[in-house]
Each structure stands twice: as structure tokens, then as C-alpha cells.
Amino acid sequence: MFFVIPMALSAIILALCYGLGDFELIHMVNTAFYWGLISLTIGTFLHIIQTGFFRLFTSGFKQLKRRTRSAERVDRRLKEDRELQSWKRGVSDKSRVMFLGIGIGLILSAFGGVLML
């Protein structure tokens, strides 16, 4: 259900680009596929970050860096702020869904364009 809006947005973007420019169908298919692939890559990267796959890697670099006590206090307060954490999680979830939905929509429209050739 969440993918319906991004896929509709990608269809509208493609229709506007096709209607406003002097695009041939093959250029439209290539453009849709490339942008869809980029969008899917960004959405997948956001999903991987959200699962915590890189957490061990980044924590190792944080241990190498010297920090002041005040910086540690600020970090601890930011981690304890439930409102901020839920807002960040919500933005991350919505952006991941949008990128994945737009990517899937563009890839599907590219495959539809290939069938029209």
C-alpha cells in the first residue's frame, strides 16, 4: 500500500517528461531505467543502514576518535531523547519507502516501454 503513491509519482514524472520534451520512446525507457536503478540503490542503502549492518564498523571508528566529556554528554542526551529518535526513525522509514517505490515504479515503466517498442 505504501508503494502506491511513489509509483504514481514516478508515472506522473515520466508522463510529464514525455509530454514536455522531444523524447523518443527508447530515450524515455533508458532514462526511466537509470533513475529507477539509482533510486533503488539509495533505498536499499537506507534499508541496510536502518538494519544496523554498519553499526559495528562505525563504532570502531568512534572509539579511535578522542571526544570531550561535553560532547559525550550531548550525544547521550540526544540518544535518550525519545521524540527525536522517533522522528528520525519516521523520516528514515518514509524516505526508504519513497525511494524504493519510485525506483520500482520507474523500472516497471521502463519494462512497459520496452514492451511498447
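Residues numbered from 1 in each chain as written. Predicted model: local features only at pLDDT ≥ 70, side-chain atom pairs only at ≥ 80, totals over all residues. Heavy atoms only, no water.

Asks: Teacher, can you tell me more about the layout of surface pockets here?
Replies: Gaps between atoms show up when a probe of the same size as a water molecule is rolled over them. In this structure, the largest pocket occupies an estimated 690 Å³ of space. Lining the largest pocket are 17 residues, and of these I49, R55, K62, Q85 and K88 lie nearest its centre. Every element with two or more residues in the lining of the largest pocket is listed here: α2 (25-51), α3 (55-64), α4 (69-80) and α5 (82-116). The leading source of residues in the lining of the largest pocket is α5, at 5 residues. A breakdown of the residues in the lining of the largest pocket according to their chemical character gives 5 nonpolar, 6 polar and 6 charged. One number sums up the size of the second largest pocket: a volume of about 170 Å³. (1 Å grid on protein atoms, 1.4 Å probe; cavity = no way out; pocket = protein on both sides within 12 Å on 5 of 7 lines; lining within 4 Å. Points joined across faces, edges and corners; volume = space filled by probe spheres on them. Helix = DSSP H or I, 4+ residues; strand = E, 2+ residues; numbered from the N terminus. Nonpolar A, V, L, I, M, F, W, Y, C, P; charged D, E, K, R; others polar.)

Asks: What is the right way to look at the nonpolar core in this model?
Replies: Soluble globular proteins tend to pack their nonpolar side chains together in the buried interior. Grouped together as the largest cluster of nonpolar side chains are 6 residues: L14, M28, V29, A32, L106 and A110. Looking at this core, the elements that each hand over two or more residues are α2 and α5. Among the elements that take part in this core, α2 stands out by supplying 3 residues, more than any other. Every residue in contact with L106, bar those within four places of it in the chain, is listed here: S10, L14, A32, W35 and G36. (Core = buried A, V, L, I, M, F, W, Y, C linked by side-chain atoms within 4.5 Å. Buried < 20%, exposed > 50% of the residue type's maximum accessible area, 1.4 Å probe, protein only. Contact = heavy atoms within 4.5 Å.)

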